[in-house]
Amino acid sequence: MTIQPEELLALALSRPHDAIAAAQELLAGKPTAETASIAHQASGIGFRQLGEVDTAIRELRTALRLAGKSELPEREADVLATLGATLGRAGRSKEGLARLDRAVALSRGALAGRVLLRRADVLLVLGRHREALDDLRQAIARLRRSGDQLWEARTLNYRGVIQGRLGETRQADEDFDRAGQLYAAAGQEFEYVETRHNRGWIAFLRGDLPTALQFQEEAAQGYDEVDVVSPDLSIDRCAVLMAAGLTAEALTEADEGLVRMETGGVPATKHAEVLFTAATAALAVGDLATAQERAERARRLFSAQRRSFYSVRASMLHLEARYRSGERGPGLLRQVVRTAGRLDELSTAEASAAHLLAGRLALSEGRRQTADHQLELAGRLSKNVPPPVRSAAWLARALRAEARGEVRRMLTACGRGLDALDEYRLMMGATELRARTTGYGAELAELALRDALRRNDSQALLTWAERWRATALTVPPVRPPDDEQLVTDLAQLRDVVSRLESTPEPIRPASLERDRRRLETAVRDRVLRAQGNESPGSAVPESFDVDVLHGELGGTALVELIDVGGVLHAVVAAGGELTRYEVGPLVTAAVEVERSRFRLRWLAHGRSRTGPSLEVLGARLEKAILGPVREVLGDRPVVMVPPASLQAVPWAMVPALAERPVNVVPSAAMWLRARRLRPSSDRRVVLVLGPGLTAGRAEIDRLTVQYPDAVVLRDGTATAERVLKELDGAWIAHIAAHGTFRADSPLFSSLRLDDGPLTVYDFERLRRAPYRLVLSSCDSGLAKPVGADELLGLSSSLVPLGAAGILASVVPVNDPATVPLMTAVHDHLQAGRTLAEAFTLARTATATDPVADAAGRSFVALGA
């Protein structure tokens with residue numbers, strides 16, 4: 001079908017490849033100067049959309065020359081505007097604005113509206129937002145009067161971008177929504193995709209990360225369909241990933257963007273923006289030298305392009321990297337104060353963070369008056385800012401109050417800042433996002449914990465520790481919707497992993513590993529886009545009540561280990577009282593944990609028995625992790641609440657705990673929640689045997705005798721969907737299967753079933769986890785510390801799903817040695833013992849040789 005000249009310009013923005021081809025066909029027919037000008041202009045726009053800016057500028061200069069020959073002022077004005085906008089985007093803003101000013105002078109009516117829009121685009125690139133808004137207001141009025149809905153849509157889209165930059169997110173989203181409707185009606189596919197992309201950006205500015213990710217996914221698919229690569233999408237995705245605490249993923253995305261930039265096809269203005277994003281990502285992961293180098297390169301590019309809005313932001317990023325590298329002093333303070341002031345003048349979102357950094361520096365320099373002023377500026381609260389920004393403002397207020405000695409005001413600010421993060425967390429549906437985003441509250445909690453220590457207030461210490469510990473796991477989980485694509489992706493992933501594991505590595509096709517990575521990415525991305533249970537601001541987190549804790553404990557002691565500034569403290573709740581003890585350096589405890597786990601790994605497989613005995617290592621571990629607490633426990637059962645960094649402690653190695661029931665939980669609040677759980681009425685027992693586990697066969701055979709009415713899944717029937725169906729709401733479930741802990745991606749930690757791995761993502765599809773769950777598999781109790789003091793892993797994710805108790809290992813075990821242990825555990829469960837009691841009795845009775853003893857000490861009882 002032949003494209004008419006008047007259709008070419010619209011096509012160039014919708015389907016640039018098709019427009020370029022049609023323009024070349026048109027030019028081959030020896031058209032008039034006017035038609036040739038349109039064709040070259042359309043080619044220029046198409047090449048610009050594809051990132052080939054130099055080619056675009058050449059085409060547009062040709063179009064301008066031909067427009068002059070046509071002797072049509074409107075034609076010349078239109079090409080001048082396109083050329084000026086393209087020059088501005090290429091970093092040649094002075095020449096670009098001169099062309100645009102000439103175009104404005106030549107144009108009238110609807111054409112003037114289109115020209116004003118393009119001048120606003122260049123002003124936007126330069127960060128001159130108010131001037132750009134003035135041009136856009138005039139443009140909208142002219143375009144509406146003329147009935148030009150397509151260009152009205154473009155003007156609304158640009159106005160939305162500027163309003164978003166100025167923090168007016170509601171108005172911006174309305175503009176993008178209306179622009180999208182107009183683009184869809186006009187068949188402008190590419191520009192419609194841009195509005196979805198922009199709505200994702202606005203959702204991010206509001207702190208609604210799941211919605212941002214959803215819009216970004218739609219935009220990515222849309223760009224693929226029109227065969228366009230968008231540097232802006234990569235930039236925005238990095239920002240969302242960093243806000244979600246997914247800093248490693250953000251750095252990967254940024255590095256890939258840099259590679260694409262170096263291979264060409266990215267406008268000069270985007271070079272600087274991609275560099276700035278990559279510097280931000282490097283700072284987020286702690287690669288401070290790279291952050292400084294990239295930030296300085298970005299600043300130079302921005303300065304050369306006369307983009308002061310961006311160059312000042314790059315300067316601030318460079319200063320923050322220097323601060324995090326350990327640099328201090330009056331010189332750095334002066335630079336930060338000056339840059340923070342410039343950011344204020346430019347109305348940037350980073351201004352508050354810059355004042356906060358200036359306040360910190362001033363405090364470290366003893367400049368109390370400067371610190372007070374800078375923290376006051378950082379503590380300003382604005383409307384319509386996302387919860388993390390509000391939380392940072394409350395942090396500034398807390399630091400200011402602490403410097404003034406206003407303890408009550410400081411604690412109030414800490415609480416309000418953590419409240420904002422609770423709101424933020426509840427916007428997330430994915431466990432991973434909830435866990436990772438808690439990291440924003442670490443400093444607020446640290447301030448309050450330090451104050452509690454200064455006052456030797458045990459109750460305050462425990463309450464503040466609980467205020468931010470394992471908060472993501474205490475929230476009722478979001479049940480995934482009936483997402484057929486997620487179920488399909490998980491099934492395909494199981495199939496691919498099964499084929500990978502069954503194919504010897506020398507002949508394993510590389511395509512299988514690519515498929516595994518693709519499917520894991522698809523599963524994770526779908527889950528991350530899940531919406532939270534609550535709308536922002538509508539949920540109040542359940543408060544932790546020490547009196548309720550005492551009432552539930554009865555004759556049990558709870559020991560919560562709390563890290564404050566690298567020193568481990570213990571708060572013991574027992575007999576209706578709270579007492580605090582200083583245990584010792586956290587690093588010492590971590591070293592002894594690893595020594596103990598290493599020794600258990602060796603003994604589990606009958607390796608060399610030379611070296612320290614388990615008794616010697618246990619005594620060292622006890623001293624490092626309990627300190628004076630071991631003298632005050634009496635003969636009570638114990639609930640241990642370690643920090644996330646000590647989640648892999650083999651507690652049965654600790655002499656003071658070896659002969660008593662010990663439950664391990666990430667927080668006291670989680671223990672209280674698990675205590676309230678009740679088993680289902682049908683008392684259903686489920687026994688599962690995964691493939692390739694010889695000892696597991698004997699284990700399941702014995703348990704089948706103990707539970708003659710149990711549902712038994714094995715030898716082909718232990719498939720993911722069948723296992724999940726039977727596990728849902730079971731009274732007792734026992735799974736004998738190979739376990740894999742994935743430190744790189746903890747929610748892909750899994751149990752091996754007949755049709756492949758059953759991951760945490762699969763378990764999260766349960767309506768209710770089994771009331772009691774025994775996992776006689778390696779590393780099933782391991783989890784990865786993330787966020788503030790959160791855990792991600794197989795067993796840690798099952799407690800909030802309704803599991804009152806889980807028996808799992810924190811060290812790889814000898815499978816045959818666990819058979820008598822597991823049989824004995826179930827004997828005691830049938831006799832009415834709790835899971836922790838059953839495990840303790842079974843372990844002490846079956847530790848007849850070093851291998852069996854090591855196996856028994858490798859398990860922990862989680863929950864209540």
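Just above, that's the structure.
Residues numbered from 1 in each chain as written. Predicted model: local features only at pLDDT ≥ 70, side-chain atom pairs only at ≥ 80, totals over all residues. Heavy atoms only, no water.

1. What about the overall build of the protein?
Right, so step 1: Assigned secondary structure in the protein consists of 39 helices and 16 strands.
Right, so step 2: If you line up the protein on its principal axes, its C-alpha atoms span 100 × 65 × 50 Å.
Right, so step 3: Sequence separation of 24 or more characterises 71% of the internal contacts of the protein that already satisfy a separation of 6 or more.
Right, so step 4: By element, 49% of the accessible surface of the protein is carried by carbon and sulfur atoms, the whole surface being about 34200 Å². (Helix = DSSP H or I, 4+ residues; strand = E, 2+ residues; numbered from the N terminus. Contact = heavy atoms within 4.5 Å. Areas by Shrake-Rupley, 256 points an atom, 1.4 Å probe, with all protein chains shown as cover.)

2. Structural notes on the sheet that holds strand 10 (residues 750-753)
Right, so step 1: Pairing is antiparallel in the open sheet, where 3 strands are placed in the order 9-10-11. Strand pairing shows two members of the sheet lacking a second neighbour, strand 9 (739-740) and strand 11 (756-759), which therefore form its edges.
Right, so step 2: As judged from the 4 bridges shared by strand 10 and strand 11, these two strands associate in the antiparallel manner. Its bridge partner being in strand 11, Arg752 is matched across the sheet by Pro757.
Right, so step 3: Running over the sheet, helix 27 (residues 484-502) touches strand 10 and strand 11 and is turned about 135 degrees from strand 11. (Pairing = 2+ DSSP bridges. Axes fitted to C-alpha atoms, helices over the stretch in contact; angles between N-to-C directions.)

3. Structural notes on the packing of aromatic side chains
The geometry of an aromatic ring pair comes down to the distance between the two centres and the angle between the two planes.
Right, so step 1: Applying the stated criterion across every chain yields a total of 6 aromatic pairs.
Right, so step 2: What links up through ring pairs into an aromatic cluster is the set Phe276, Phe302, Phe309 and Tyr310.
Right, so step 3: One Lys or Arg, Arg114, reaches over the ring of Trp151 and ends 5.8 Å from the middle of that ring.
Right, so step 4: The positively charged end of Arg307 is found above the aromatic ring belonging to Tyr310, 4.5 Å away from the centroid. (Phe/Tyr/Trp six-rings, centres within 6.5 Å; stacked < 30°, edge-to-face > 60°. Lys NZ or Arg CZ within 6 Å of the ring centre and 35° of its normal.)

4. As for the packing of helix 2 (residues 16-27) against helix 3 (residues 33-49)
Right, so step 1: Running from N to C, helix 2 and helix 3 cross one another at 155 degrees; their axes reach a closest spacing of 8 Å. The pairing of helix 2 with helix 3 is recorded here as roughly antiparallel in orientation. Relative to helix 3, the crossing made by helix 2 is left-handed. Facing Pro16, Ile20, Ala23, Leu26 and Leu27 of helix 2, the residues of helix 3 in contact are Thr35, Ala36, Ala39, His40, Ser43, Gly46, Phe47 and Gln49.
Right, so step 2: Of the residues contributing to the contact of helix 2 with helix 3, the split by class is 8 nonpolar, 5 polar and no charged. (Parallel < 35°, antiparallel > 145°, perpendicular 65-115°, else oblique. Left-handed = near helix turned anticlockwise from the far one by under 90°. Nonpolar A, V, L, I, M, F, W, Y, C, P; charged D, E, K, R; others polar.)

5. Remarks on the nonpolar core
Right, so step 1: By size, the foremost hydrophobic cluster in this structure holds 224 residues, and its most contacted members are Ile625 and Trp651.
Right, so step 2: Residues contacting Trp651, with those up to four places away along its chain left out, are Leu561, Ile625, Met640, Pro642, Leu657, Val664 and Val860. (Core = buried A, V, L, I, M, F, W, Y, C linked by side-chain atoms within 4.5 Å. Buried < 20%, exposed > 50% of the residue type's maximum accessible area, 1.4 Å probe, protein only.)

6. So, the pattern of salt bridges
Right, so step 1: All chains considered together, the criterion is met by 76 salt bridges.
Right, so step 2: Glu95 is the salt-bridge partner of Arg99, the closest N and O atoms lying 3.7 Å from each other. One end of the pair is Arg99 and the other is Glu95, both in helix 6 (residues 93-106) and 4 residues apart, which spans about a single turn.
Right, so step 3: Residue Arg99 is classed as partly exposed on the basis of its relative accessible area of 24%.
Right, so step 4: Judged by relative accessible area, Glu95 falls into the partly exposed class, the value being 27%.
Right, so step 5: In this structure, Arg857 engages Glu615 in a salt bridge whose closest nitrogen and oxygen atoms are separated by 3.8 Å. Residue Arg857 is located in helix 39 (residues 850-857), and its partner Glu615 is located in helix 31 (residues 614-625); the two are separated by 242 residues in the primary sequence.
Right, so step 6: Judged by relative accessible area, which is 12%, Arg857 ranks as buried. (Salt bridge = Lys/Arg side-chain N within 4 Å of Asp/Glu carboxyl O.)

7. Looking at the sheet that holds strand 2 (residues 567-574)
Right, so step 1: A sheet is described by the order of its strands in space; here 11 strands give the open sequence 3-2-1-4-5-16-15-12-8-6-7, paired in mixed fashion. Each having just a single partner strand, strand 3 (577-585) and strand 7 (711-713) make up the two edges of the open sheet. Adjacent strand axes in the sheet meet at a mean angle of 20 degrees, parallel and antiparallel pairs treated alike.
Right, so step 2: Across 5 bridges, strand 15 (residues 805-809) lies against strand 16 (residues 859-863) in antiparallel orientation.

8. Concerning unusual backbone geometry
Of all residues except glycine, most have a negative phi; of all peptide bonds, most are trans.
Right, so step 1: Positioned with a positive phi, Lys30 is a non-glycine residue whose angle comes to about 55 degrees.
Right, so step 2: Looking at where Lys30 falls in the secondary structure, it is placed in the loop between helix 2 and helix 3.
Right, so step 3: Taking relative accessible area as the criterion, Lys30 reaches 78% and is therefore assigned exposed.

9. Concerning the environment of Arg636
Right, so step 1: The residue Arg636 is located in the loop between helix 31 and strand 4 (638-641) in this model.
Right, so step 2: Remark: the alpha-carbon pair of Arg636 and Pro661, spanning 25 residues in sequence, is separated by 8.4 Å.
Right, so step 3: The residues contacting Arg636, other than those within four sequence positions of it, are Gly555, Thr556, Ala557, Ala574, Gly575 and Arg660.

10. Thoughts on the side chain of Arg714
Right, so step 1: Assignment of secondary structure puts Arg714 in the loop between strand 7 and helix 34 (720-727).
Right, so step 2: In this structure the side chain of Arg714 is engaged in a polar contact, spanning 3.4 Å, whose partner is the side chain of Asp715.
Right, so step 3: The contact partners of Arg714, leaving out residues within four places of it in the chain, are Leu689, Arg697, Ile700, Asp701 and Asp754. (Polar contact = N/O pair within 3.5 Å; in protein donor to acceptor, adjacent residues only side chain to side chain.)

11. Remarks on the packing of helix 18 (residues 330-345) against helix 19 (residues 351-364)
Right, so step 1: Across the interface, helix 18 lies against helix 19 with an axial gap of 9 Å and an inter-helix angle of 160 degrees. With respect to each other, helix 18 and helix 19 are oriented roughly antiparallel. The handedness of the crossing between helix 18 and helix 19 is left-handed. Residues Leu332, Leu333, Val336, Val337, Ala340, Gly341, Leu343 and Asp344 of helix 18 pack against Ala351, Ala354, His355, Leu357, Ala358, Leu361 and Ala362 of helix 19.
Right, so step 2: Residues belonging to the contact of helix 18 with helix 19 are distributed by class as follows: 12 nonpolar, 2 polar and 1 charged.

12. Digging into the environment of Leu835
Right, so step 1: In this fold, Leu835 is placed in helix 38 (residues 835-846).
Right, so step 2: Other than its neighbours up to four places away in sequence, Leu835 contacts Arg772, Leu773, Val774, Gly805, Ile806, Leu807, Val825 and Leu829.

13. Concerning helix 19
Because an α-helix packs 3.6 residues into every turn, residues spaced three or four apart end up facing the same way.
Right, so step 1: The end-to-end C-alpha separation of helix 19 is 20 Å, in line with the 20 Å expected for 14 residues at 1.5 Å each.
Right, so step 2: All of the buried residues along helix 19 are Ala351, Ala354, His355, Leu356, Leu357, Ala358, Gly359, Leu361 and Ala362. (Expected span 1.5 Å × (residues − 1).)

14. Concerning the pairing of strand 4
Right, so step 1: Residues Val638 and Met640 of strand 4 are buried on one face, and the alternating residues Val639 and Val641, pointing to the opposite face, are buried as well.
Right, so step 2: The pairing of strand 1 (residues 557-564) with strand 4 spans 4 bridges and is parallel. Within strand 4, the position partnered with Ala557 by the bridge is Val638.
Right, so step 3: Pairing geometry for strand 4 and strand 5 (residues 662-664), over 3 bridges, is parallel. Across the sheet, residue Val639 finds its bridge partner in strand 5, namely Asn663.

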